[in-house]
Structure formats: C-alpha cells, structure tokens
Amino acid sequence: MIPETFRTMIVHSASETDHERRIAEKFIRDLPAGDVLIQVVYSSLNYKDALSATGNRGVTRTYPHTPGIDAAGIVAESSHPAFLPGEPVLVTGYDLGMNTSGGFGQYVRVPADWVVKLPENLSLKESMIYGTAGFTASLSVQKIVEHGLTPDSGDILVTGATGGVGSLAVSILSKIGYSVTAATGKTDQNDFLRNIGAKAVISRADIVDDSKRPLLKARWAGVVDTVGGNILASALKSTFQRAAVTCCGNVASPTFAATVYPFILRGITLYGIDSASTPMPIRQKIWRKIAGEWKISHLDSLHTEIPLEGLEHAIERMLSGGQHGRVIVRLGD
Ligand SMILES: NC(=O)c1ccc[n+]([C@@H]2O[C@H](COP(=O)([O-])OP(=O)(O)OC[C@H]3O[C@@H](n4cnc5c(N)ncnc54)[C@H](OP(=O)(O)O)[C@@H]3O)[C@@H](O)[C@H]2O)c1
C-alpha cells in the first residue's frame, strides 16, 4: 500500500548564504510526474548532495528541495512495461536530487529511462555503498583500462583517496591488479588506505608542485584525480609517456593552470568523467562490472550507515573535507 505522505529531508534556502534543513513529511502527489514511483530503501551522500543541501545554486536552482542524487529501492508503481512493482532498482545521476526531488526521501518518482535494474549479485545496500561515487570511480577505471594501461604499465595515482570516489577507485584498481599510490590530506589514514588496497600512501603535499616547471620527474602511468586544482595540474606534469589522467572533481579547485608540454612532449590524455549523463548502455555495462568482476570484498569497511537525521552532521563533515569512505542513508526496510 502506497501511503499518502512520506518522510524526507527538505532544504529551504532564500539565498546561497541562507539555508535550513528539516526532516518533514511530503505528499506523494507532490512528487514530479514520472513513469516509475520507487520506494527508496537506501540512498547515499555525495559531494553534490552536500552542495545542494547548503543552497548551492550551481546544483539546485529552486528551493524548497529534497537532495539525494542516488536512490536504491523497490518499484512501487510503474506506467512503463520495463519495470514492474516489486522489482529492485537503482537510480544515480541525471537530474535526481538536483532539481528533481531526490533520494533523501522515502519515495522518488522518475522517468523510466533513468532507472537501472539492480544487477545480480548486488544488494540494494551494496549498490548505495558504491552509489554515484563508486559509479564515477568505475567510469574512471574503465578509461584507464580502455586507454590500454595494464598492471605492468606502472603505478596509478589516486587523489582525494580517502573520499568516496577516491576510496572506491583505490579499491577497484587494486582488485583488478594495478599498483595504486593513494594521495591523501589525512595523515592518520595510512592503515585504512593500505587495507583497501593501496600499495603506497603519500601526503597530498608531496604531489603538489608550486614551481613553474613545465614537466616533472615521471612517476605515474595513470592518474584518477578527484580533486582538481593544483593537484591535478601537478599530476599532469608527473606522468610517463602516453599516460591517462581522469578528472572528475573540484573539491580542491575548479580551475587549474596547465601548459601544453605534458600533452605534446609526453603524449598524455586527459579524460573528463561525467557520471550523471552517462548513456544507459554504458551505465548498465558499468553496473554489471561493479557487481561482477570488479566487485570488492571489503564494502563493510568502506561505509557508515545513518538514518535521515544523521545527514546533518555528515553533510558538514563532507564540506569540511573530512569525508572518509562512504555514507549510506537508510530510509526503509
Ligand atoms: N564528474 C562526476 O561525474 C562526479 C561524480 C561524483 C563526484 N564528483 C566530484 O568528485 C569529487 C569527490 O567527490 P566525493 O563524493 O568523493 O567527495 P568526498 O567523499 O567528500 O571526498 C573528497 C576527498 O577529497 C579530498 N579533499 C577534500 N578537500 C580537499 C582540498 N581542499 N584539497 C585537496 N583535496 C581535498 C579529501 O580526501 P583526502 O583527505 O584523502 O585527500 C576528501 O575526502 C567532488 O568534487 C565531486 O563533486 C564528480
């Protein structure tokens, strides 16, 4: 039986500096139109959610709003033949949680072409331990693999390594045999990073170069960068010939200063990663890999589970750069 109302986080924001979050009831009839109504069992916290939850107009234009770019749950109602009530499904990205009421509520209603059937060998909970962060890490790993880099090519650097995308990138790369160097700002997280598969752990400060030199000593066969800014700029200068560098995030800075030299003297490639609009066939293929040959065994040590009320603290920690692994939000049984 579908209830009339459901529990949800609602963010009120009059301006970028003026916002308030509440846990409240919302009517199902007020959800946007869509083919599939999903009863959300788990969601997860991503950096974009923390921005939406603090009134960031670059992510969410209009408030009041329910963030949550990830949702995994059970189809409650469907007007599309591909999805039947009772089926387990997941949604990540597209407009969910941005300007469409998101996964920090017990129900979402979305177009059928945003919905992925839960792959075999993955529970709803596991799918949200990955969530957008794990999906993005997997897209980055896929670029490294497609570029032709093999475990014999050399070390892969992962930046922002204790964060959601970073910790899953370290885990997946090491699961499939790559030697991973994890760069972190958290000097006390050496054991965590080694336990999830990093061969070496280095301090963020060790890979930031403030000189104006166009190239640095070659260290990396590939780079999964999750932070942007000077860390990305420095990584671009520190690769072997024909390296692959992926770029997905901006927590350090959305801008970076670069020259053409790494590109024209070392033939490197910089890949942009955009998980939200990944076409459905690639999306399904990546989720099958996540649940199959790339599935990692230490998901338990990578996440913390919280109720809706726990988001308040988790959002603040994420915005201060303190995130460690993944946070999943339990919304139902
Ligand atoms: N393009 C896409 O499709 C896509 C998808 C998902 C996420 N993202 C982006 O990827 C980034 C990471 O997302 P996430 O969910 O992994 O976030 P997260 O869990 O908050 O992790 C970010 C990590 O970056 C490091 N960090 C934080 N502040 C930093 C600073 N000022 N300078 C350098 N490093 C800093 C920290 O790791 P250490 O302390 O270990 O260094 C932190 O744990 C965000 O910018 C997010 O918007 C993009």
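Enquirer: For this particular structure, what's the right way to read the nonpolar core?
Expert: In globular proteins that are soluble, nonpolar side chains generally tend to be buried together. If you look at the biggest cluster of nonpolar residues, it comprises 48 residues, and the most contacted ones within it are Tyr130, Val158, Val170, Leu173, Leu193 and Trp287. When residues of this core are traced back to their parent elements, those giving at least two are β3 (36-44), α2 (124-146), β8 (156-158), α3 (164-175), β9 (180-184), α4 (190-195) and α7 (280-291). No other element matches the 10 residues that α2 contributes to this core. Taken domain by domain, the makeup of this core includes at least three residues from each of domain 1 (5-118 + 298-330) and domain 2 (132-272). Counting residues in hydrophobic clusters, the runner-up holds 30 residues, among them Leu96, Trp114, Val115 and Val329.

Enquirer: Where do I start with helix α8 (residues 311-319) in this structure?
Expert: Along an α-helix, residues three or four positions apart point the same way, because every turn accommodates 3.6 residues. Restricting attention to buried positions, one finds in α8 the residues Leu311, Ala314, Ile315 and Met318. For α8, the angular spread of the buried residues around the axis is 100 degrees, confining them to a single face. Against the buried residues of α8 lie β1 (5-15), β2 (18-27), α1 (47-52), β14 (303-306) and β15 (326-330). Positioned one or two residues after α8, Gly321 has a phi angle of 80 degrees, which is positive.

Enquirer: Explain the site of the ligand to me, please; I cannot follow it from the model alone.
Expert: Taken together, 27 residues are adjacent to the ligand, and Thr162, Val165, Thr184, Ile273 and Ser275 come closest. Contacts to the ligand include Ala161, whose backbone N or O atom sits 3.4 Å from an oxygen atom. Between an oxygen atom of the ligand and a side-chain N or O atom of Arg204, the distance comes to 3.1 Å. About the coverage of the ligand: the protein hides 87% of its 920 Å² of free accessible area. At the level of elements, α2 and α3 are the ones that each hand at least two residues to the shell around the ligand. Looking at the shell around the ligand, its residues break down into 10 nonpolar, 14 polar and three charged.

Enquirer: What should I look at first to understand the environment of Ala161 in this one?
Expert: Among the structural elements, Ala161 can be located in the loop between β8 and α3. Put simply, Ala161 and Ile196 are 35 residues apart on the chain and 10 Å apart in space, counted from C-alpha to C-alpha. Those residues in contact with Ala161 that sit more than four places away from it in its chain are Gly166, Ser167, Val170, Ala182, Ala183 and Leu193.

Enquirer: What is the right way to read the packing of α2 against α7 from this model?
Expert: Describing two packed helices takes the angle between their axes plus the distance from one axis to the other. Two elements in contact, α2 and α7, have axes whose closest approach is 9 Å; the angle formed by their N-to-C orientations is 100 degrees. The angle between α2 and α7 falls in the class roughly perpendicular. Along its contact with α2, which presents Ser127, Tyr130, Gly131, Gly134, Phe135, Ser138, Leu139, Gln142 and Glu146, the element α7 presents Ile282, Arg283, Lys285, Ile286, Trp287, Lys289 and Ile290. Its residues assigned to classes, the contact of α2 with α7 shows seven nonpolar, five polar and four charged.

Enquirer: Explain the sheet that holds strand β12 (residues 239-247) here, please?
Expert: Two pairing modes exist for strands in a sheet, parallel and antiparallel, and in both the strands are linked by backbone hydrogen bonds. Across the sheet, which stays open at both edges, the six strands sit in the order β10-β9-β8-β11-β12-β13 with parallel pairing between neighbours. Two strands in the sheet have a free side with no partner beyond their single neighbour: β10 (200-203) and β13 (269-272). When the angles between neighbouring strand axes are averaged without regard to direction, this sheet yields 20 degrees. Bridge count for strand β11 (residues 220-225) against β12 is five bridges, and the pairing is parallel. Pairing of Gly222 across the sheet is with Ala244, part of β12. Against the sheet, α3 contacts β8, β9 and β11, and its axis sits at roughly 155 degrees relative to β8.

Definitions and cut-offs
Residues numbered from 1 in each chain as written. Predicted model: local features only at pLDDT ≥ 70, side-chain atom pairs only at ≥ 80, totals over all residues. Heavy atoms only, no water. Core = buried A, V, L, I, M, F, W, Y, C linked by side-chain atoms within 4.5 Å. Buried < 20%, exposed > 50% of the residue type's maximum accessible area, 1.4 Å probe, protein only. Helix = DSSP H or I, 4+ residues; strand = E, 2+ residues; numbered from the N terminus. Domains from an automatic or database assignment. Arc of directions from axis to C-beta. Contact = heavy atoms within 4.5 Å. Near = heavy atom within 4 Å. Polar contact = N/O pair within 3.5 Å; in protein donor to acceptor, adjacent residues only side chain to side chain. Areas by Shrake-Rupley, 256 points an atom, 1.4 Å probe, with all protein chains shown as cover. Nonpolar A, V, L, I, M, F, W, Y, C, P; charged D, E, K, R; others polar. Axes fitted to C-alpha atoms, helices over the stretch in contact; angles between N-to-C directions. Parallel < 35°, antiparallel > 145°, perpendicular 65-115°, else oblique. Pairing = 2+ DSSP bridges.

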